[in-house]
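Listed below, chain by chain, are the residues.
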Amino acid sequence: MRNAQPIDTVKWVHRDILKPNHYNPNSVAPPELELLSISIQEDGWTQPIVVNPDMTIVDGFHRWTVSGQLDVYRLTGGMVPVVVIEPTDMSSQMISTVRHNRARGIHGVLKMADIVERMLNGGVQVSEICRRLQMETEEVYRLANRKGIPRTALIKDAQWSESWVPK
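Residues numbered from 1 in each chain as written. Predicted model: local features only at pLDDT ≥ 70, side-chain atom pairs only at ≥ 80, totals over all residues. Heavy atoms only, no water.

Peer 1: For this particular structure, what's the right way to read the overall build of the chain?
Peer 2: Along its length, the chain carries seven helices and four strands. Ordered by position from the N terminus, the helices and strands of the chain form the series β-α-β-β-α-α-β-α-α-α-α. The buried share among the 167 residues of the chain stands at 31%. Total accessible area computed for the chain in this model is approximately 11200 Å², and 53% of it derives from carbon and sulfur atoms. (Helix = DSSP H or I, 4+ residues; strand = E, 2+ residues; numbered from the N terminus. Buried < 20%, exposed > 50% of the residue type's maximum accessible area, 1.4 Å probe, protein only. Areas by Shrake-Rupley, 256 points an atom, 1.4 Å probe, with all protein chains shown as cover.)

Quick look at the structure:
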């Protein structure tokens, strides 16, 4: 038999009682925050925010941040899912934050190119990919180009940045 785990007791609390920590080294750019907001709006809350007993956020600061946006707030009336962990001291709490951040891995370009290829081949429009994944049009074109798609009819009017000219 397994031991009880924090995920066994997800609680819904109002976002206003949560407190950000002062040491999180992770930051997210505005486009990724918007992507997180879209994710919660389209998929719902799929991961709880991790807090300590005094409601200080250990992991999930960015989920908490977007929960204050009106469209996300309205989904649950400002309520957010949390699980409580009990770090033994501040060092353990900071270590937990860093582990949560680093354990997410990296986003692979080649696998993303495969996803873009499958979506385009499935009839998803470039504009929809851009909106729902918060990507720039040129980013979609470059990923598609990695798979050879621009040589097909899917992306026939791609315009590339003229940021530099090779000599």
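Moving on, there is more to tell.
Peer 1: Help me out: how do you make sense of helix H7 (residues 137–146) in this one?
Peer 2: An α-helix turns once per 3.6 residues; consequently, residues spaced three or four apart project the same way. For H7, the complete set of buried residues consists of Val140, Tyr141, Leu143 and Ala144. For H7, the buried positions fall inside an angular range of 165° around the axis, keeping them on one side. (Arc of directions from axis to C-beta.)

Peer 1: Sorry if this is basic, but what is going on with the sheet that holds strand S4 (residues 79–84) here?
Peer 2: What holds strands together in a sheet is hydrogen bonding between their backbones, with the strands either parallel or antiparallel. Taken together, the four strands give an open sheet; going across it, the order is S1-S4-S2-S3, and neighbouring strands pair in mixed fashion. Of all the strands in the sheet, the pair left with one neighbour each is strand S1 (11–14) and strand S3 (57–59). For this sheet, the mean inter-axis angle between neighbouring strands, taken without regard to orientation, is 55°. Here S1 pairs with S4 via four bridges, running antiparallel. Each bridged residue has a counterpart across the sheet, and for Lys11 the counterpart in S4 is Val82. (Pairing = 2+ DSSP bridges. Axes fitted to C-alpha atoms, helices over the stretch in contact; angles between N-to-C directions.)

Peer 1: I'm lost on the packing of aromatic side chains in this one. Help?
Peer 2: Given two aromatic rings, their pairing is described by the distance between the two centres and the angle made by the two planes. Scanning all chains against the criterion turns up one aromatic pair. Summarising the aromatic geometry, the rings of Phe61 and Trp64 are spaced 5.7 Å apart at their centres and angled 40° between planes, so their arrangement reads as tilted. Of this pair, Phe61 and Trp64 both sit in helix H2 (residues 61–66), three residues apart, which is roughly one turn of the helix. Judged by its relative accessible area of 15%, Trp64 is buried. (Phe/Tyr/Trp six-rings, centres within 6.5 Å; stacked < 30°, edge-to-face > 60°.)

Peer 1: When you look at the nonpolar core in this model, what are you seeing that I'm missing?
Peer 2: For soluble globular proteins, nonpolar side chains are generally found buried alongside one another. Leu18, Trp45, Ile49, Val51, Ile57, Val80 and Val82 are the most contacted members of the largest nonpolar core, which has 14 residues in total. Of all the elements in the fold, those that place two or more residues in this core are helix H1 (30–43), strand S2 (49–51), H2 and S4. In terms of nonpolar packing, the next biggest core, distinct from the first, is built from twelve residues, Ala113, Val126, Ile129 and Leu143 among them. (Core = buried A, V, L, I, M, F, W, Y, C linked by side-chain atoms within 4.5 Å.)

Peer 1: Just checking my understanding: could you explain the packing of helix H6 (residues 126–133) against H7 for this structure?
Peer 2: The axes of two packed helices give the description: the angle between them and the distance between them. Interaxial distance between H6 and H7 falls to 9 Å at its minimum, and their mutual angle equals 115°. The orientation of H6 with respect to H7, classified from their angle, is roughly perpendicular. The two elements H6 and H7 cross, and the hand of that crossing is right-handed. Across the interface between the two elements, Val126, Ile129 and Cys130 from H6 touch Thr137, Val140 and Tyr141 from H7. When the residues that make up the contact of H6 with H7 are grouped by side-chain class, the tally is five nonpolar, one polar and no charged. (Parallel < 35°, antiparallel > 145°, perpendicular 65-115°, else oblique. Left-handed = near helix turned anticlockwise from the far one by under 90°. Contact = heavy atoms within 4.5 Å. Nonpolar A, V, L, I, M, F, W, Y, C, P; charged D, E, K, R; others polar.)

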